[in-house]
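For reference, the chains in residue letters:
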Amino acid sequence: MTTPAHSLDSAPAMADEPPAVSLRQPGELLAAIPHVLGFHPVNSLVVVGLHGKGNTTLGLVLRVDLPPPVRYDQLARQLVQPLIEQHAVGAALLVLGAHTVPPEEELPQRSLVAECESVFANAGIPVLHQLWAPDTAGGAQWRCYEDADCTGTVPDPSSTALAAASAAAGMVTYNRREDITAGLGPAGDDDLARRADLLAAASQAAEPGGEQAQCLDHLRLLDSAIDRSVSGTLPDTDEELVALAYALGDHRVRDACLAPADEQRAQAAERLWTTLVRTIPAPERAEPACLLAYAAYLRGDGVLAGIALEQAEAADPGHRLADLLRGALWTAFPPERLRTAGEQAAAEARRQLTEPPS
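Every value quoted in this text rests on a predicted model; they were computed, and no experiment measured them. (Residues numbered from 1 in each chain as written. Predicted model: local features only at pLDDT ≥ 70, side-chain atom pairs only at ≥ 80, totals over all residues. Heavy atoms only, no water.)

A. Focus on the overall build of the protein chain. Counting secondary structure elements, the protein chain contains 14 helices and seven strands. Among the 358 residues that make up the protein chain, the fraction classed as buried is 47%. Carbon and sulfur atoms form 52% of the exposed surface of the protein chain, whose accessible area is close to 16600 Å². (Helix = DSSP H or I, 4+ residues; strand = E, 2+ residues; numbered from the N terminus. Buried < 20%, exposed > 50% of the residue type's maximum accessible area, 1.4 Å probe, protein only. Areas by Shrake-Rupley, 256 points an atom, 1.4 Å probe, with all protein chains shown as cover.)

What follows is the structure, encoded as structure tokens:
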């Protein structure tokens, strides 16, 4: 498999009441995208899988940065695979970028759209709409690639039924993807450098032998930190943060944290991983970043999962778990199947840490 771009964002199909949009009014589709992804995309290709009678039900939504021409074919083949896995019966291609309305013959990224349409059609997924818009803001003018008379304006995304449903569910729609990324931004350089020194000292001070007992202590430390997070208390001292970062350095301890006992602990664990991603240095940051990506993906937040993976990959390039999760994200691997795999890995890790050595 060719190496995918690391800019993929995905939003899975909504299982309970997936939204229906009128494809006679493409602006409605454009207005839905910010609430599906959680932000207003720019300089992006957005691929929407369509389902149901009349191809009016939104399925998987994928967003990637606009690629250079040399990557068009590779990207199109990568994007079609998740649609196949999700049994999409149609697709829409949305190009978002540029800040002025170009003349008809100058609509950008025509070759990219044509490449995707060809690859998707060969896979049995017809492209029903090919749209360009400068952005997804209300009032932005959209145009069709194939019909010069097909044009209109994007309705106010904040006034749609999907916006109301998103707000009722407690979901936040950001202006930019960077606003979500900022929520995982690392601490100041001085804090990270100080904690890196403390982690190095802890590693040097570790005594040989007794590894299983030490790792079991580390697991208990993580379990206790999740317990405190349930009650709203998160680590904030160098001592606590370094101890937790060091504990996650053993992959068995990290894997044992993949399966919280219940939803309350899952939410508490996600808060803990977010705190650690922001406060511990590289390469140790990769471990909680992977745990955060895994947790976000299981609850359907593919965008946060992708951003957390970017943090992991930057902290520790080639990180094995990050690579595995990246593959799951790109192939739209079913979250429930990933949950099962994580639970099995967690059970095996806990068994290794708690059973006496033979």
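B. Summary view of the pattern of salt bridges. Counted according to the given criterion, the structure contains 21 salt bridges. Two residues, R194 and D191, come together in a salt bridge whose shortest N-O distance is 2.9 Å. With a gap of three residues between them, R194 and D191 both fall in helix α6 (residues 189-205), about one helical turn apart. Under the relative-accessibility criterion, R194 is labelled partly exposed at 36%. When its relative accessible area of 29% is taken as the criterion, D191 is described as partly exposed. With a closest N to O distance of 2.7 Å, R351 and E348 form a salt bridge. With a gap of three residues between them, R351 and E348 both fall in helix α14 (residues 335-354), about one helical turn apart. (Salt bridge = Lys/Arg side-chain N within 4 Å of Asp/Glu carboxyl O.)

C. Inspection of the nonpolar core at higher detail. The biggest cluster of nonpolar side chains holds 104 residues, and the ones touching the most others in it are L45, V48, L79, F120, L222 and W273. If you tally residues by element for this core, the top one is helix α11 (residues 286-298), at ten residues. With residues up to four places along the chain from it excluded, the contact list for L45 reads L62, R63, V64, L66, L75, L79, L94, V95, L112 and C116. (Core = buried A, V, L, I, M, F, W, Y, C linked by side-chain atoms within 4.5 Å. Contact = heavy atoms within 4.5 Å.)

D. Fine view of the packing of helix α7 (residues 211-230) against helix α10 (residues 263-279). For the pair α7 and α10, interaxial distance at closest approach is 8 Å and the crossing angle is 105°. By the angle class used here, α7 and α10 are roughly perpendicular. Facing L222, D223, A225, I226, D227, S229 and V230 of α7, the residues of α10 in contact are Q264, R265, A268, A269, R271, L272 and W273. In terms of residue class, the contact of α7 with α10 is built from eight nonpolar, two polar and four charged. (Axes fitted to C-alpha atoms, helices over the stretch in contact; angles between N-to-C directions. Parallel < 35°, antiparallel > 145°, perpendicular 65-115°, else oblique. Nonpolar A, V, L, I, M, F, W, Y, C, P; charged D, E, K, R; others polar.)

E. Structural detail: the environment of R143. Mapping R143 onto the fold places it in strand β6 (residues 141-144). Take R143: its relative accessible area is 10%, and that puts it in the buried class. Along the backbone, R143 and T153 are ten residues apart, and their C-alpha atoms lie at a distance of 8.7 Å.

F. Here's a closer look at the sheet that holds strand β2 (residues 44-51). Read from one edge of the open sheet, seven strands run β1-β3-β2-β4-β5-β6-β7, paired in mixed fashion. Each edge of the open sheet is held by one strand with a lone partner, namely β1 (9-11) and β7 (151-153). Neighbour-to-neighbour, the strand axes of this sheet turn through a mean angle of 20°, independent of strand direction. Pairing between strand β4 (residues 90-96) and strand β5 (residues 127-133): six bridges, direction parallel. Note on β5: the bridge partner recorded for A91 is V127. (Pairing = 2+ DSSP bridges.)

G. Spatial organisation of unusual backbone geometry. Residue P283 follows A282 across a cis peptide bond; omega there is 0°. By secondary structure assignment, the location of P283 is in the loop between α10 and α11. At N43, a position not held by glycine, the phi torsion is positive, near 45°. Here N43 shows up in the loop between α1 (26-37) and β2. If you check the backbone angles, Q109 has positive phi at about 60° while not being a glycine. Within the fold, Q109 resides in the loop between β4 and α3 (110-122).

H. Here's a closer look at the pairing of strand β3 (residues 57-65). The buried count for β3 comes to eight of nine residues, which makes it a mostly enclosed element. Relative to β3, β1 runs antiparallel, the two being bridged by three bridges. Looking across to β3, one finds that S10 is bridged to L62. As paired strands, β2 and β3 are joined by seven bridges and run antiparallel to one another. Note that in β3 the partner of V47 across the bridge is L62.

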